[in-house]
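# Residue-level structural notes
So the chains spell out like this:
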Amino acid sequence: MAQDKNLFSESRYSALDLVPDMICVCGRDGSHEYFNRAWREYGTAGFASSGWVESVLPADRRRVEQEMRDGLRAGEACETELRLLHPGDGARWFLLRARPLPGGAEGGGGWLYSLMDINARKRRELALLRDIRMQAEMLNVSVDCIKLVRPDGTLSHMNRAGCLALDVAEESGFGMDWLCLLPKESHQAGRQALLKARQGENARFLGVSQLPGQNPRYWDNMLTPLKNADESVEAILCVSRDVTVQRASDRRIASLLHELTHRSKNMLAVVQALIRRTVPDPQAPFVSVLGQRIAAIARNQDLLINGEWSGITIEKLLASQTAVIGDVNQERMLLHGEGGLRLLPETAERIGLAIYELTTNAIKYGALSNESGTVTISWAVREREGGAGFRLVWEESGGPPVQAPAAQGFGTAVIERNPLAVLGASVIYRYAPAGVTWTFDAPVSSIMDRTEPGKGTPADIDAAAVS
């Protein structure tokens, strides 16, 4: 009778031999009625029996057996992934599916089990997950806070440093609004940067974070848009670097600079006092001249300090070093040049002292010594062989006739020789009958601070004076 039942089963299910997946048919009582050809040809002969579960990798076996029991008990379809041992291929990944049948042998319900080979797909999936995990670990090693932000401003991913800084659980799944995690004072700058990045441009802003019971931490946030093939922004990469220590260091440096400035100005005042107490006649003209020169140095220093030693604009330099003339009609002191050009600190010092000496000379002997003379100061950047060049011209007219002094003193050295310390500079100082002219030329790279764009607007330039 058992032989007739096997014959019946083989006749009924023989069409399953055409299916490439391994298929097994079981009765309601759990007995194995049929194994198709793919199942029978896999592994050893013992695999096509109720002991096939013994071929499941031990690490997966208990889980697979439990899921099969739960499915049989509930009478519902189920599926799970497992690894099967093969004598020749080692362990391979399969997808096991269990489906209840509406009718089995002799009209009783049964189960259909299938094993689909998913080894290649599973290996690719595991390799991808491994790469993703390694990339995540690489991000977690960084001390910078690295975030992937969606265009709507919600968090897609954040590394461990970012989670710690913003007090967000790594397993939170994210999805929250990024800016809401920052203090309110950072929101406006953050929104502007996010809008700029959403439009496809790089953006940057200074932010702050503070956890309960801790000091504030300052962050330099750099936003980079990540674009699709059609140039639309898919996501925004935000790298936040902790600049708390740098900020504190900058403050200490600023404090030390302020103290150094205060002491140096005090020293200049002491030098002036020593001169008056040391010379036989404190009212002698040279004492006054020396005091004015020291004052010019102090004014130069004030300008540089106020600019945090990053350079000063030509306009401010000229205004400070010609202040000695007092209230002079604008028609007598004419300035022509491009606004906002910043001079390097060392250049500003040398040019500034020269301008001061030219101004005092003009007051004593030149165009500013009468009621009708004028001084024109013009400057320009122009292309020349070897790169861009800068030219500054002082030109007097309408004053009394002038002539070169018989002996060269300190003032002449400051006007002629001191500016030559600038790399590549040249100076032409002439006592023309119509008035003194002084021309300073130097490469832009030697004298100009290009870190910040000029904030002024181009002014009318006297082409004749700078050509």
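Everything numeric in this text was worked out from a predicted model, so none of it was measured.

Side chains that are nonpolar tend, in soluble globular proteins, to be buried together. Judged by nonpolar contacts, the single largest core of 35 residues is most densely connected at Phe390, Leu392, Trp438 and Phe440. Among the elements of the structure, helix H9 (314-321), helix H10 (345-364), strand E14 (374-384), strand E15 (387-397), strand E16 (426-432), strand E17 (435-443) and helix H12 (444-447) are those that each provide at least two residues to this core. Ranked by the residues each element gives to this core, the list is headed by H10, at six residues. Not counting residues within four places of it along the chain, the set of residues in contact with Leu392 comprises Ile351, Ile355, Ile377, Ser378, Trp379, Trp438, Thr439 and Phe440. Membership of the second largest hydrophobic core comes to 21 residues, among which are Cys26, Phe47, Val56 and Leu115.

Let us now look at the pattern of salt bridges. Scanning the entire structure with this criterion turns up 19 salt bridges. The residue Lys122 makes a salt bridge to Glu81 at a minimum N-O spacing of 2.5 Å. Placement of Lys122 in helix H4 (residues 119-141) and of Glu81 in strand E3 (residues 78-86) is noted, with a sequence separation of 41 residues between them. On the basis of relative accessibility, which here comes to 8%, the residue Lys122 falls in the buried class. Among the residues examined, Glu81 registers a relative accessible area of 25% and is labelled partly exposed. Overlapping salt bridges bring together Asp60, Arg63, Glu67 and Arg83 as one network.

A word on the packing of aromatic side chains. Centre distance and the angle of the planes are the two values used to describe a pair of aromatic rings. In total, this model carries ten aromatic pairs according to the counting rule given. Geometrically, the ring pair formed by Tyr13 and Tyr34 is tilted, given 6.0 Å between the ring centres and 35 degrees between the ring planes. Taken as a pair, Tyr13 in helix H1 (residues 2-13) and Tyr34 in strand E2 (residues 32-35) lie far apart in primary sequence, 21 residues in all. Of the two residues examined, Tyr13 and Tyr34, each falls in the buried class. For the ring pair Trp39 and Phe47, a centre distance of 5.3 Å and an interplane angle of 25 degrees mean the geometry is stacked. Summarising the burial analysis for this pair, Trp39 and Phe47 share the class buried. Its guanidinium or amino end placed over the ring of Trp93, Lys122 lies 5.0 Å from that ring's centre, counting from NZ or CZ.

In this section: the environment of Thr412. The residue Thr412 is located in helix H11 (residues 410-417) in this model. Each C-alpha atom of the pair Thr412 and Leu358 lies 9.1 Å from the other, and the pair is 54 residues apart in sequence.

The next thing to look at is the confidence of the model for the protein. Here the protein averages 80 in pLDDT, while 79% of its residues score no lower than 70. Between the elements of the protein, mean pLDDT differs from a low of 30, seen in helix H13 (residues 463-466), to a high of 93, seen in E17. Note on residues 452-467: pLDDT under 50 across the span, and 30 contacts to partners over four residues away in sequence or across chains.

We now examine the sheet that holds strand E7 (residues 155-158). Reading across from one edge, E7-E6-E10-E9-E8 is the order of the five strands in this open sheet, with antiparallel pairing throughout. Taken across any chain shown, the strands that pair with only one partner, and hence form the sheet edges, are E7 and strand E8 (203-209). Strand-to-strand twist of the sheet, defined as the mean angle between neighbouring strand axes without regard to direction, takes the value 25 degrees. As paired elements, E8 and strand E9 (residues 217-227) share seven bridges and run antiparallel to each other. Within E9, the residue paired with Ser209 across the bridge is Arg217.

A contiguous nonpolar surface patch, about 340 Å² in accessible area, is contributed by Leu126, Leu128, Leu129 and Ile132. Note that Leu126 resides in helix H4. Accessibility expressed as a relative area gives 30% for Leu126, which makes it partly exposed.

Turning our eyes to something else, we now look at the environment of Leu82. Of note, Leu82 is situated in strand E3. Distance in space between the C-alpha atoms of Leu82 and Leu95 is 6.5 Å, their sequence separation being 13 residues. If we ignore the near neighbours within four places in the chain, the residues touching Leu82 are Val56, Asp60, Arg63, Val64, Arg92, Trp93, Phe94, Leu96 and Leu115.

As a further point, take the sheet that holds E2. On the basis of which strands lie adjacent, the open sheet formed by five strands has the order E2-E1-E5-E4-E3 and antiparallel pairing. Every other strand in the sheet has two partners, leaving E2 and E3 as the edge strands with one partner each. Ignoring which end each strand starts from, the neighbouring axes of this sheet average 25 degrees apart. Relative to E2, strand E1 (residues 22-26) is paired through three bridges, and the arrangement is antiparallel. Residue pairing across strands places Val25 opposite Tyr34, the latter belonging to E2. Each of E3, strand E4 (90-101) and strand E5 (110-117) touches helix H3 (residues 58-74); the most contacted strand, E3, lies at about 145 degrees to it.

Here is what the cut-offs are and how they apply
Position numbers for residues start from 1 in each chain and track the written sequence from start to end. Per-residue local features are limited, in this predicted model, to residues with pLDDT of at least 70; the limit for side-chain atom pairs, both in listing and counting, is 80 or more; totals at the level of whole chains, interfaces and linings are taken over all residues. Side-chain measures were taken over the full set of non-hydrogen atoms in the model, leaving aside hydrogen atoms and water. Here, nonpolar core means buried Ala, Val, Leu, Ile, Met, Phe, Trp, Tyr and Cys residues that are tied together by side-chain atoms lying within 4.5 Å of each other. Each residue is assigned to one of three classes by its accessible area relative to the maximum for its type, calculated with a 1.4 Å probe on protein chains only: buried under 20%, partly exposed between the two thresholds, exposed over 50%. Think of it this way: any DSSP run of H or I at least four residues long counts as a helix, any run of E at least two long counts as a strand, and we number them from the N terminus. Note on contacts: a residue pair qualifies if any of its non-hydrogen atoms lie within 4.5 Å across the two residues. Criterion for a salt bridge: a side-chain nitrogen of Lys or Arg within 4 Å of a carboxyl oxygen of Asp or Glu. Geometry of aromatic contacts follows a simple scheme: Phe, Tyr and Trp rings, the Trp one being its six-membered ring, pair when their centres are within 6.5 Å, and the pair is stacked under 30 degrees between planes, edge-to-face over 60, tilted otherwise. Both a distance and an angle decide whether a charge sits over a ring: NZ of Lys or CZ of Arg must be within 6 Å of the ring centre and within 35 degrees of the ring normal. The pLDDT score gives, residue by residue, the confidence of the prediction method on a 0 to 100 scale. Between any two strands, pairing holds if DSSP finds at least two bridges. Fitting a line to C-alpha atoms yields each axis, with helices limited to the stretch in contact; the angle taken between N-to-C directions then spans 0 to 180 degrees. Candidate patch residues must exceed 30% relative accessible area and have no salt bridge, after which like charges are joined if within 9 Å and Val, Leu, Ile, Met, Phe, Trp or Tyr side chains if within 5 Å. Using the Shrake-Rupley algorithm and a 1.4 Å probe, accessible areas are obtained, with residue cover drawn only from the displayed protein chains.

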